[in-house]
Amino acid sequence: MPRYTSTHVSGQRSQLPAELARELSGNERVLWYGRPLAGVRLRASDAFGIPFSLLWGGFAIVWETTVIHQGAPLLFLLWGIPFVAVGLYLIAGRFFFDAWRRSRTAYAVTSERVFIVSGGLRPSVLTLRLTTLPPVSLSEGRAGVGTISFGGGSSIAAALGGMQGWPGAARHLGTQLELLPNARTVYETIQGAARDATRR
């Protein structure tokens, strides 16, 4: 799979990935489509997340190892297993889950809307109409890679700089086109499409 796909088009539906093409209505003109960057990625939230996960996971593993070596009752052994599992997920599993989720996500901007197709654990299509678009913001990092947010997330997400891969994070993050190469160009495409839509 390519590291990313980021393509400006002018109504060429034949170029679209199948998961995007089947969501289009008859009159929509495609302005842009793409995917988030692929692979395991560190985020600003990991400045907090990595030390926390190592602390949690380390404590849980030491606890479980001690219980096993001391021959403690079965209840103590079973008690520690969920904490070890969560610790291993926070240390490493969340990075691979986040990469897997992004590999199954696609974005498109059309003459009518912005939409996100997610093929994760719960496949879904999220649509934002251009005529009722919430406030749009751009967070841009190195080499033009950035994230476009719609309406903003919670103060928790803002403070941590994104929490993808963390349990229950989605409800705090709001709607995003994340880890986009050439994010500013996509941002300007959305702004222009929204202006055109409100004039019609």
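Refer to the structure printed above.
What you see is a predicted model, and the numbers here were worked out from it, not measured in a lab.

K.L.:
An account of the overall build of the protein is needed here, citing residue identities and associated values.
P.N.:
In terms of helices and strands, the protein carries six helices and eight strands. Sequence-ordered secondary structure for the protein, helices as α and strands as β, is β-α-β-α-α-β-β-β-β-β-α-α-β-α. A separation threshold of at least 6 residues defines the contact pool for the protein, and within that pool the share at least 24 residues apart is 63%. Summed over all atoms, the accessible surface of the protein reaches about 11100 Å², with 61% contributed by carbon and sulfur.

K.L.:
An account of the sheet that holds strand 6 (residues 136-140) is needed here, citing residue identities and associated values.
P.N.:
Sheets are built from strands paired through backbone hydrogen bonds, the pairs being either parallel or antiparallel. The strand order across the open sheet built from three strands is 6-7-8, with neighbouring strands paired in antiparallel fashion. A single partner strand is all that each edge strand has here, and the edge strands are strand 6 and strand 8 (175-180). Within the sheet, the average angular offset between the axes of one strand and its neighbour, ignoring direction, is 15°. Across five bridges, the pairing between strand 6 and strand 7 (residues 146-150) is antiparallel. Residue pairing for strand 7: Ser 139 is matched across the bridge by Thr 147.

K.L.:
How would you sum up the pairing of strand 3 (residues 105-110)? Please name residues and give values.
P.N.:
Across the six residues that make up strand 3, a large majority, six, are buried. Residues Thr 105, Tyr 107 and Val 109 of strand 3 are buried on one face, and the alternating residues Ala 106, Ala 108 and Thr 110, pointing to the opposite face, are buried as well. Judged from the five bridges that link them, strand 3 and strand 4 (residues 113-118) form a sheet pairing that is antiparallel. Counted as the bridge partner of Ala 108 is Phe 115 from strand 4. Counted between consecutive antiparallel strands, the loop separating strand 3 from strand 4 contains two residues.

Rules behind the numbers
Residues numbered from 1 in each chain as written. Predicted model: local features only at pLDDT ≥ 70, side-chain atom pairs only at ≥ 80, totals over all residues. Heavy atoms only, no water. Helix = DSSP H or I, 4+ residues; strand = E, 2+ residues; numbered from the N terminus. Contact = heavy atoms within 4.5 Å. Areas by Shrake-Rupley, 256 points an atom, 1.4 Å probe, with all protein chains shown as cover. Pairing = 2+ DSSP bridges. Axes fitted to C-alpha atoms, helices over the stretch in contact; angles between N-to-C directions. Buried < 20%, exposed > 50% of the residue type's maximum accessible area, 1.4 Å probe, protein only.

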